[in-house]
There are 2 protein chains.
Amino acid sequence: MFEAAELGHAIDKATYKTEVPKLREALLDVQFELGEGKQFPVVLIISGVDGAGKGETVNTLNFWMDPRNIHAHAMGDPTDEELERPAMWRYWRKLPPKGEIGVFFGSWYSFPMRQHIEGGKDADYLDTYLEEFLRFERMLAEEGALVLKFWLHMSKKDLKKRLKELESKKETKWRVTKKDWERVDMYDTLRPVAERVLRRTSTGHAPWIVVEASDDNYRNLTVGRTILKAVKERMASLKKTKSKAAKTPFVSASKDDLDGINVLESLDYTQTLTKKDYNKKLEHYQGRLNQLCRSKKFRKHSLVCMFEGNDAAGKGGAIRRATAAMDARFYDIVPIAAPTDEEKAQPYLWRFWRHLPRLGNVTIFDRSWYGRVLVERVEGYCSDADWQRAYGEINDFEEEMARHGVIVCKFWLAITAEEQLSRFKEREATGYKRFKLTEEDWRNRDKWDEYVSAVCDMTERTSTAMAPWTLVEANSKYFARIKVLKTICERLEAEL
Amino acid sequence: MFEAAELGHAIDKATYKTEVPKLREALLDVQFELGEGKQFPVVLIISGVDGAGKGETVNTLNFWMDPRNIHAHAMGDPTDEELERPAMWRYWRKLPPKGEIGVFFGSWYSFPMRQHIEGGKDADYLDTYLEEFLRFERMLAEEGALVLKFWLHMSKKDLKKRLKELESKKETKWRVTKKDWERVDMYDTLRPVAERVLRRTSTGHAPWIVVEASDDNYRNLTVGRTILKAVKERMASLKKTKSKAAKTPFVSASKDDLDGINVLESLDYTQTLTKKDYNKKLEHYQGRLNQLCRSKKFRKHSLVCMFEGNDAAGKGGAIRRATAAMDARFYDIVPIAAPTDEEKAQPYLWRFWRHLPRLGNVTIFDRSWYGRVLVERVEGYCSDADWQRAYGEINDFEEEMARHGVIVCKFWLAITAEEQLSRFKEREATGYKRFKLTEEDWRNRDKWDEYVSAVCDMTERTSTAMAPWTLVEANSKYFARIKVLKTICERLEAEL
């Protein structure tokens, strides 16, 4: 794999001086078009052998291009705010919005590679990460990002030569540290690992481009031209009329029309509680939840609760009964409404990632990332391909949370169509509940059956051991609230 | 001051039960209107004696109201990301956008009060903070925020009683810590300090409301009703046609029309450098800047450079020569264009605060917060009152940065009208510079004189010892770039 990058590529000074202005003009042109059109983001990874000139490459790119919409990210040691969230959170928060270029030094690959090479972690450990990165990059690509991964390569001989050269000059001597020489010693260990990583994670939508880095001119020109070509091609392909891709049929037996039996139908909506019983249980579970959220063990976890459900199923009321048991300083409720323009310029899940809680904290999502496979599916707000791939992306998202110790509770509050109608009518009549009823609620109601299908598919495909769905029979508000509280308590007790 | 809150206010259970539903309905109504209209944010401070029920009050508010647009912020110990920025950064990042309610526990007042009471800091120390808070809250108010500050008061006797009551019950015993009893001992020290703080910082636009907190019912109802009344009144006043306030004339002698002499006219635009001289100096200053940014001392500072100037004055080129000396991982260039909708929902300076660098890092603003007193003033994008108060707000902002060790360099790149014309024509002719010239540039040029006035006023009012303006004669690009680099180097050397 690296042999092709040890051919002694070099560009003489005269050629470089002729080529750079041309390349620069072309880069500025596409960059301008990219910034104006805001059609897609460009995610660049600059990785490779230490000493191969990653920093110089990025500095050169910044100098050639309009530095106002290219941003480089160091990604050194994570901050405490980053350490308290799932590992990928720090990359999500730095993702470039549409129309901009984000450059990641080393990137998400650095940490597991270092752990494998220097930290004694085995190949399986590394592979787990690689699988995750593959899915992450596929998601980025499917969200429209142009992902290019550069690996700057140098032979061991050239690397030694470069370090000696740097050491020989007064003005560059500082750049060579003891660690650099230690890395030369590690070279033979790194090489096969790097090869394996590149082989396994080079995909059509997020390829690795190995660049021979011994000659600065060659390296810079190659990286610059590759970016130019890729951005131009992507722009051109977007201009073409979308070819009608053969539609993959979405098949599902989760809502069986043969006998009408499905998870929602099979719930017992008659379950209820007397007021007395409710009050007793409410006090009991709120007390338990309060203790759990204050426990020392919880400080090493965080809790994400997510409420979906039929309109008027009582999400707000259930949420309030849960938060009443918590300290207002440590929970936050995030209502999911229309995305802001900053959110629209990012991959779909970005607006949820940004709200993940710190350790010891709780985030409650009132509606959630499941919007994509519910309202967006039913109303046709996104393409079929988009919501169909969302199941997998959502499972990845929740897996990342779970692996970091985030306890994920997902509730679907289910009521029957009759119960909904009577609640709508009650809302129309009651003063301070009036605002809760909108035109949209009535429209959604007309699509009841489509929502049933969507819910059945959703629970089938995304109820996992790490992040199970709890279907809550909510015709009785008392019953529903207690079931929610009890579920949260039991999940916390099981996980802490 | 606190005597009025030691009268033994109490609301009996029956009254409370009658009053709460009415208050709640009214609160939900105004909250709904607030959220729909998105006209202004509500900033609530819940402060007061420890043990007076701050947490319970906020929990009650959250329970009464729609918790989806009310967010409580604990503001415990700052994170490392927060510690690396000016003290107020952590509050700026949590400010509620228009249409939402943000609740700050203790808030910005806690830290200096604690330092004064427990940390041995004197009254002058506290006063410096209070002055800052006054200006901050005035800015919030002038940006349209409704600011309400609650001080929950309890007499020492009642406080002791409350702690004993809590200790006596199994389910609340955990809430009383050793620290709580220590604070009872500190009560007599706290009281006069609190009184002084409240007296000095209670203003018409951000009043302190002292609430007797011994009786939970009275406390909750009072806080709830006060909020209701204030939000309703604010809404009503916004609905009234704006009375034409007497316009304060803006007087300035910074651009004297008598003899045409002003800071811009008095610059020597003929200064230039030969290419040879430029190259030599460029290498010299870039080397120096590089060393400075890598120095150990710089890791305890950060650098904010800000570029304003005539169109085509060469801001981009000057910025690129500076960043060429820096490590791309540690600087970021923030071009200031139209605000996003998240930015529009916040006070004017919010979009700049969010980009302040961490320690050891550099943020370069390509155009800046001075937009308000330049383009917004000249084009009439904001009211006269808005840009006139901006000078003071900007000075406060820069003072906060400077006090935190942020080194602020501000450049105005000045060219003559003739030079600008020739550059515009050159841009029209040159390929990769075409995109730099817009219709707007020609329009701005027509207002040359108005911009001169604005620049003269700006430099006169905002060039401070902590954050001085550097006017850069930029008819010669070589001369300008070197002057910029030299200035940054010398500022860093003076500060480190």
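**Quick word on the overall build of chain A**
Step number 1: The helix and strand tally for chain A stands at 19 helices and 10 strands.
Step number 2: Seen through its principal axes, chain A has C-alpha atoms that stretch 85 × 55 × 40 Å.
Step number 3: Looking at chain A residue by residue over its 496 residues, the buried ones come to 37%.
Step number 4: When contacts within chain A are restricted to residue pairs at least 6 apart in sequence, long-range pairs at least 24 apart make up 82% of them.

**Digging into the interface of chain A and chain B**
Step number 1: Facing the 39 residues of chain A at the interface are 39 residues of chain B.
Step number 2: Secondary structure elements with two or more residues in the side of chain A that touches chain B: helix 1 (13-37), helix 2 (54-64), strand 2 (70-73), helix 3 (80-83), helix 11 (315-323), strand 7 (331-335) and helix 12 (341-344) of chain A.

**Things to note about the sheet that holds strand 9 (residues 406-414) of chain A**
Residue and element names in this part refer to chain A.
Step number 1: The strand order across the open sheet built from 5 strands is 7-8-6-9-10, with neighbouring strands paired in parallel fashion. Each of the sheet's edge strands pairs with one partner strand only, and the pair in question is strand 7 and strand 10 (469-473). Geometrically, the sheet is characterised by an average inter-axis angle of 20° between neighbouring strands, direction not taken into account.
Step number 2: Relative to the sheet, helix 11 contacts strand 6 (302-309), strand 7, strand 8 (362-366) and strand 9, its axis offset from that of strand 6 by approximately 160°.

**A closer look at the domain arrangement of chain A**
Residue and element names in this part refer to chain A.
Step number 1: Looking at chain A, the domain boundaries give domain 1 (3-239) and domain 2 (275-495).
Step number 2: Taken over C-alpha atoms, the centre of domain 1 sits 39 Å from the centre of domain 2.
Step number 3: Across the boundary between the two partners, domain 1 contributes 18 residues, which contact 18 residues of domain 2.
Step number 4: Looking at the side of domain 1 that touches domain 2, the elements that each hand over two or more residues are helix 4 (89-92) and helix 6 (123-142).

**Some words on the relation of the copies chain A and chain B**
Step number 1: Superposing chain A onto chain B takes a rotation of 180° combined with a translation of 0.0 Å along the rotation axis, leaving an RMSD of 0.0 Å. In symmetry terms, the pair is related by a two-fold rotation axis.
Step number 2: The fraction of interface residues of chain A whose copies in chain B are also interface residues reaches 100%, indicating that both copies meet through the same surface.

**What about helix 1 (residues 13-37) of chain B?**
All names here are of chain B.
Step number 1: Under the 1.5 Å per step criterion, the end-to-end length of helix 1 is 36 Å for 25 residues, consistent within 8% with the ideal 36 Å.
Step number 2: Maximum bend of helix 1: about 30°, positioned at Glu19, with proline Pro21 one to four residues after it.
Step number 3: Those residues of helix 1 lying buried are Leu27, Gln31 and Leu34.
Step number 4: Of the surrounding secondary structure, the elements contacted by the buried residues of helix 1 are helix 2 (54-64) and helix 9 (216-239).
Step number 5: Backbone geometry just after helix 1 places Lys38 at a positive phi near 45°.

**Points about the confidence of the model for chain A**
Step number 1: The pLDDT averaged across chain A works out to 91; a share of 96% of its residues lies at or above 70.
Step number 2: In the model output, the complex is listed with pTM 0.85 alongside ipTM 0.80.

**What to know about the packing of helix 1 of chain A against helix 9 (residues 216-239) of chain A**
Residue and element names in this part refer to chain A.
Step number 1: Running from N to C, helix 1 and helix 9 cross one another at 30°; their axes reach a closest spacing of 10 Å. As helix 1 runs across helix 9, the sense of the crossing is left-handed. Of the residues in helix 9, those in contact with Tyr16, Glu19, Leu23, Ala26, Leu27, Val30, Glu33 and Leu34 of helix 1 are Asn217, Leu221, Gly224, Arg225, Leu228, Val231, Lys232 and Met235.
Step number 2: Along the lines of polarity and charge, the residues of the contact of helix 1 with helix 9 split into 10 nonpolar, 2 polar and 4 charged.

**Here's the deal with the packing of helix 2 of chain A against helix 9 of chain A**
Residue and element names in this part refer to chain A.
Step number 1: Viewed as axis vectors pointing N to C, helix 2 and helix 9 meet at an angle of 55°, and their least axial separation amounts to 10 Å. By the angle between their directions, the pair helix 2 and helix 9 is classed as oblique. The hand of the helix 2/helix 9 crossing is right-handed. Contacts between helix 2 and helix 9 involve Glu56, Thr57, Thr60, Leu61 and Trp64 on the former and, on the latter, Asp216, Arg219, Asn220, Val223 and Gly224.
Step number 2: Each residue belonging to the contact of helix 2 with helix 9 can be placed in one class, and the counts come to 3 nonpolar, 4 polar and 3 charged.

**Re unusual backbone geometry**
All names here are of chain A.
Step number 1: You will see that Met75, though not glycine, has its phi angle at about 55°, which is positive.
Step number 2: Looking at the secondary structure, you find Met75 in the loop between strand 2 and helix 3.
Step number 3: Here Arg367, not a glycine, exhibits a phi torsion of approximately 70°, which is positive.
Step number 4: Turning to its location among the elements, Arg367 is positioned in the loop between strand 8 and helix 14 (375-379).
Step number 5: According to the C-beta neighbour criterion, Arg367 is partly exposed, with 18 such atoms within 10 Å.

Criteria and cut-off values
- Residues numbered from 1 in each chain as written.
- Chains lettered and ligands numbered in written order.
- Predicted model: local features only at pLDDT ≥ 70, side-chain atom pairs only at ≥ 80, totals over all residues.
- Helix = DSSP H or I, 4+ residues; strand = E, 2+ residues; numbered from the N terminus.
- Buried ≥ 20, exposed ≤ 12 C-beta atoms within 10 Å, placed from the backbone.
- Contact = placed C-beta atoms within 7 Å.
- Pairing = 2+ DSSP bridges.
- Axes fitted to C-alpha atoms, helices over the stretch in contact; angles between N-to-C directions.
- Domains from an automatic or database assignment.
- Least-squares fit on C-alpha atoms with pLDDT ≥ 70 in both.
- Expected span 1.5 Å × (residues − 1).
- Bend = angle between axes of the 7 residues up to and from the residue.
- pLDDT = per-residue confidence, 0-100.
- Left-handed = near helix turned anticlockwise from the far one by under 90°.
- Nonpolar A, V, L, I, M, F, W, Y, C, P; charged D, E, K, R; others polar.
- Parallel < 35°, antiparallel > 145°, perpendicular 65-115°, else oblique.

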